[in-house]
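# Breakdown of the fold
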Amino acid sequence: MTQIELQGISKSYGRLAVLKNCDLAMQSGQLLCLLGNNGAGKTTFLRIVSGLLSADKGKLLIDGEEWSLKSPEWRRKCALVAHKTFLYQNLSGLENMRFFSRLYQREFSEEELRKRLADTGLTRSADKQVRLYSRGMQQRLTLARALLSDPDFVIMDEPFTGLDKDGSALLVRMLAELKQQGAMILMTSHDPQAAFAVTDGFVRLSMGVFGKVSLVDGKGWNELEPSLYPQNTPEGQTA
Amino acid sequence: MLSWNKKLTFLAILSGALVLIAFALVLFYAPVEQNMGVVQKVFYFHVAAAWLGMLGFLVAAVCSVMYLSKGNPNLDAVAASSVEIGLLFTAIANFSGMIWARPAWNTWWTWDPRLTTMTIMAFTYIAYFLLRRGIDDPAKKARFGSIYLIIGFATVPLTFFSARLLRTIHPTIFGSAGTGDMAMTPAMYQTMGLSIFAFSVLFALLLIVRSRLRLNEQWLEEQEAMEQEEEFGEVVNG
Amino acid sequence: MKNWLSTLKTLIWKDLLQEWRSKDMLTAMLAFAILSIFIFNYAMELDPRQRAELAPGILWVVITFSGTLGLNRSFVAEQEQGSFDALVMAVPGLASIWFAKQISNFLMMLVLIVIVLPIYSLLYNQNLFIPGLWLTLILGAWSFSAAGTLLASMTAQTRMRDLLLPVLLFPILMPVNMAVVKAGTGIMTGAALASYQVWLSILLVYGIIMTTISFMVFDYVILE
């Protein structure tokens with residue numbers, strides 16, 4: 001998988017159009033950050049891309065070949081980190097990891113699973129029930145869980161929320177590793193500055209329409225901003 | 001070609017006339033039954049209403065299957081309207097039955113399997129509206145409603161099948177002649193036939209009108225949501 | 001097929017382990033079941049000659065009412081943390097999610113039956129170790145968990161949640177309720193098999209119909 005293209009993704013609820021003909025192309029090893037107000041359609045778009053919500057129109061091309069967004073094969077290539085943790089509170093961190101690795105038919109040994117937990121700083125709480133974890137610990141476990149399947153396409157909805165400074169640093173390191181392994185990452189953020197350290201480019205979603213992709217290419221935030229917010233919007237004035 | 005509204009007016013007049021004719025036949029044409037007397041005449045409406053109740057639930061189940069496979073929201077509106085009208089006719093069947101039961105069985109209500117299963121079936125469909133009210137997202141409301149109508153209807157024949165296995169004092173009109181059954185003369189059959197036909201036309205009319213009303217309501221709700229979105233857009237973009 | 005079965009096993013193992021850790025569901029179900037047996041005793045002043053005939057009806061009411069408590073809880077873990085989405089994305093076929101849940105719920109019902117029947121036996125000094133009665137109750141429990149799992153997966157996503165499930169479930173279960181009580185009474189009073197055989201058939205048919213329909217429509221519950 002070296003390139004995917006999403007073409008003409010449209011979604012409406014009744015006559016209310018949430019997404020209007022959204023196109024997006026991504027290369028392997030690329031990370032894009034999706035910006036937009038509340039209600040701009042970011043979450044809807046991410047759920048469609050991960051195959052959880054069906055689009056009214058639109059197709060997915062992987063290396064030029066058409067795939068169904070709703071096929072289990074595509075869903076299993078993706079990993080989703082969303083607002084909710086997806087974790088089972090009564091199971092320990094290790095059991096959560098073991099459960100999901102088995103669902104993906106990956107028989108990791110216990111050492112391997114423990115090593116992955118250790119990488120996210122959860123060595124000592126691996127056998128504790130998740131209900132006893134702090135918010136930041138749960139978020140780190142969520143990241144470890146999402147990456148169990150070695151996904152080709154990683155979707156993250158506001159991954160920085162709930163993480164402290166060290167947690168954010170860990171996330172940035174993990175994202176860099178993922179990019180090196182050739183995964184594509186699509187994430188959303190309210191706060192472009194936080195994402196600035198890792199992202200390759202920004203796209204803005206406004207009223208259901210995608211703006212142009214602005215690649216970072218060593219530019220500073222001040223240089224990128226006018227191209228992302230072309231109109232004289234309240235957002236543009238305050239930022 | 002006539003316009004939609006003209007066709008509807010025509011259908012309304014037709015069904016009104018048919019119901020009146022059926023009423024006249026029941027009063028003046030059908031003979032008085034020997035065992036039960038005048039009160040037996042309520043049966044012409046009772047049977048028609050019971051049949052239309054079942055038809056309403058069947059139409060709802062068929063529309064639900066089609067909604068799940070096609071996803072056209074109009075089908076969901078028809079299904080929900082059909083349940084409402086089915087419930088209305090089931091209620092008519094129950095109350096007209098009670099009017100008859102008072103002199104015939106000497107009680108308004110009896111724990112007969114037929115009555116019990118019919119009432120529980122009505123509860124199945126009352127619960128359907130509770131389910132719909134509990135869901136805010138219109139698409140989810142339609143999907144869950146359709147699923148419920150499908151499994152709800154699957155139990156209807158089973159219920160009737162199982163109720164038949166229990167001893168019932170309720171008369172059966174068609175088929176086997178048991179002890180409590182009525183001896184029907186041709187005039188009675190003709191009256192019954194016309195009554196069922198008249199009420200079926202009324203059913204079709206009600207279904208069309210209610211479905212259109214429901215679709216209009218949905219249209220207005222969507223319109224409001226869209227205007228709210230637009231307002232927000234205007235504020236943001238000046 | 002091998003993959004499918006191992007997915008199913010993993011999903012059931014997760015449900016059971018979750019329950020084993022907290023035992024929330026089972027404790028509440030059992031406490032409620034035993035309490036209702038006591039309530040029935042003083043509410044109906046069960047006298048020894050009536051007991052044999054009434055036992056299947058009382059047992060079935062006790063089992064389904066406490067079972068409803070369990071069904072209401074069965075989707076809570078998935079609902080609260082949104083893990084349904086993670087399951088949908090991970091499994092090769094969506095049907096396994098529903099089947100696993102239904103089997104876990106059925107196993108909970110089995111545990112309930114296995115504990116409640118001996119207690120009832122003991123309290124009323126009545127021999128309930130009759131294979132036919134157990135078979136009837138187990139067939140009934142399968143139908144109950146098939147219809148109940150599907151409905152609970154929907155009510156878990158509504159505003160009223162626990163309030164709604166019994167109102168939706170009990171009318172739909174009417175044929176099962178009738179069949180279990182009729183067949184059970186036939187067995188308890190030692191009637192000839194031919195007199196209640198048809199009720200066992202209804203139970204079987206209902207179980208098959210509910211399982212099939214749920215299997216076909218479940219995709220529409222979880223996918224939007």
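Residues numbered from 1 in each chain as written. Chains lettered and ligands numbered in written order. Predicted model: local features only at pLDDT ≥ 70, side-chain atom pairs only at ≥ 80, totals over all residues. Heavy atoms only, no water.

## Quick look at the overall build of chain C
The condition that has to hold: A run of H or I in DSSP counts as a helix once it spans at least four residues, and a run of E counts as a strand once it spans at least two, with each numbered from the N terminus. Computation of the radius of gyration draws on C-alpha atoms alone. For the globule rule, the value is 2.2 Å times the number of residues to the power 0.38. Buried residues are those whose accessible area, probed at 1.4 Å on protein chains only, stays under 20% of the maximum for their type, while exposed residues exceed 50% and partly exposed ones sit between those limits. Pairs of residues are marked as contacts when any of their non-hydrogen atoms sit within 4.5 Å. Where accessible areas are quoted, they stem from the Shrake-Rupley method and a 1.4 Å probe; at the residue level, only the protein chains shown are allowed to cover. Positive charges come from Lys and Arg, negative ones from Asp and Glu, while His and the chain ends are left out of the count. Taken as the charge location is NZ of Lys, CZ of Arg, CG of Asp or CD of Glu.
Helix and strand counts for chain C come out as 10 helices and 0 strands. Along chain C, from the amino end to the carboxyl end, the secondary structure elements read α-α-α-α-α-α-α-α-α-α. Taken over the C-alpha trace, chain C has a radius of gyration of 18 Å; the compact-globule value for 224 residues is 17 Å, and the two agree within 12%. Over its C-alpha atoms, taken along the principal directions, chain C stretches across nearly 55 × 35 × 30 Å. Residues classed as buried in chain C amount to 59% of the 224 residues present. For chain C, the proportion of contacts with a sequence separation of at least 24, taken over those separated by at least 6, is 79%. Carbon and sulfur atoms form 68% of the exposed surface of chain C, whose accessible area is close to 9,000 Å². In chain C, 12 side chains carry a positive charge and 12 a negative one; their mean positions are 5 Å apart.

## So, helix 8 (residues 221-228) of chain A
Residue and element names in this part refer to chain A. Which entries qualify depends on this criterion: Of all possible arcs, the one meant is that of the directions from the helix axis to the C-beta atoms.
Regarding helix 8, the residues found buried are W221, L224, E225 and L228. Axial view of helix 8: buried residues confined to an arc of 110 degrees, hence all on one face. Residues N222, E223 and P226 are exposed on helix 8 and point more than 90 degrees away from its buried face.

## Structural notes on the sheet that holds strand 2 (residues 16-27) of chain A
All names here are of chain A. Formally: The pairing criterion is simple: DSSP has to find at least two bridges between the two strands. Axis geometry follows a simple rule: fit a line to the C-alpha atoms, using only the stretch in contact for helices, then measure angles between N-to-C directions, giving values from 0 to 180 degrees.
The sheet built from 4 strands is open, its strands ordered 2-1-4-5 with antiparallel pairing. Among the strands making up the open sheet, the edge pair consists of strand 2 and strand 5 (65-67). On average, each strand axis in the sheet is inclined to that of its neighbour by 25 degrees, with strand direction left out of account. Of the pairings in the sheet, the one linking strand 4 (residues 57-62) to strand 5 comprises 3 bridges and is antiparallel in character. Paired with L60 across the bridge in strand 5 is W67.

## A closer look at the packing of helix 7 (residues 131-155) of chain C against helix 8 (residues 164-172) of chain C
All names here are of chain C. The criterion, for reference: Crossings are sorted by hand: turned counterclockwise from the far helix by less than a right angle, the near helix makes the crossing left-handed, and turned clockwise it makes it right-handed. Classification convention: Asp, Glu, Lys, Arg as charged; Ala, Val, Leu, Ile, Met, Phe, Trp, Tyr, Cys, Pro as nonpolar; all other residues, Gly among them, as polar.
Look at helix 7 against helix 8: their axes get within 10 Å of each other, and the N-to-C directions meet at 145 degrees. Crossing of helix 7 over helix 8 shows right-handed handedness. Listed contacts from helix 8 to F144, A147, G148, L151, A152 and T155 of helix 7 are L164, L165, L168, L169 and I172. Grouping the amino acids of the contact of helix 7 with helix 8 by side-chain chemistry returns 9 nonpolar, 2 polar and no charged.

## Digging into the interface of chain A and chain C
The test is simple: Note on definitions: buried area is the accessible-area loss of two parts on being combined, 1.4 Å probe, summed for both. Only one rule defines a salt bridge in this text: a Lys or Arg side-chain nitrogen within 4 Å of an Asp or Glu carboxyl oxygen.
Listed by partner, the interface residues are 31 residues for chain A and 29 residues for chain C. Of the roughly 2,800 Å² buried where chain A meets chain C, counting both sides, 57% is carbon and sulfur surface. Across the chain A-chain C interface, the total number found is 2 salt bridges. In this structure, R21(C) and E95(A) form a salt bridge, with 2.6 Å as the shortest nitrogen-oxygen distance.

## Regarding the environment of D119(A)
Residue and element names in this part refer to chain A. Mapped onto the elements, D119 comes out in helix 4 (residues 110-119). It is 8.5 Å that separates the C-alpha atoms of D119 and A144, two residues lying 25 residues apart in sequence. Filtering out sequence-adjacent residues up to four positions away, D119 remains in contact with L170 and R173.

## Details of the packing of helix 3 (residues 73-105) of chain B against helix 4 (residues 113-133) of chain B
Residue and element names in this part refer to chain B. The following threshold applies: By the definition adopted for this analysis, an angle is roughly parallel if under 35 degrees, roughly antiparallel if over 145, roughly perpendicular if from 65 to 115, and oblique otherwise.
Contact geometry of helix 3 with helix 4 gives a least axis separation of 10 Å together with a crossing angle of 150 degrees. The angle between helix 3 and helix 4 places the two elements in the roughly antiparallel class. The crossing of helix 3 and helix 4 is left-handed. Residue-level inspection shows D76, A79, A80, V83, E84, L87, T90, N94 and W105 of helix 3 in contact with helix 4, the latter providing L115, M118, T119, A122, Y125, I126, Y128, F129 and R132.

## A few points about helix 1 (residues 2-22) of chain C
The cut-off we apply is this: One less than the number of residues in a helix, times 1.5 Å, gives the span that helix is expected to have.
Here helix 1 of chain C spans 31 Å end to end across 21 residues, near enough to the 30 Å set by a 1.5 Å rise per residue. All of the buried residues along helix 1 of chain C are T7(C), L8(C), T10(C), L11(C), I12(C), K14(C), D15(C), L17(C), Q18(C) and E19(C). In this structure, the buried side of helix 1 of chain C is in contact with helix 3 (93-103) of chain A together with helix 2 (24-44), helix 4 (76-80), helix 5 (83-90) and helix 6 (95-124) of chain C. Phi turns positive, to about 55 degrees, at K23(C), one or two residues after helix 1 of chain C.

## Some thoughts on the pattern of salt bridges
Residue and element names in this part refer to chain A. Using the criterion set out here, one finds 20 salt bridges over all chains in the structure. A salt bridge links R114 to E110; the nearest nitrogen and oxygen atoms lie 3.0 Å apart. One end of the pair, R114, and the other, E110, are both in helix 4, 4 residues apart, so they sit about a helical turn from each other. For R114, a relative accessible area of 30% gives the class partly exposed.

Read these as geometric descriptors, not functional statements.
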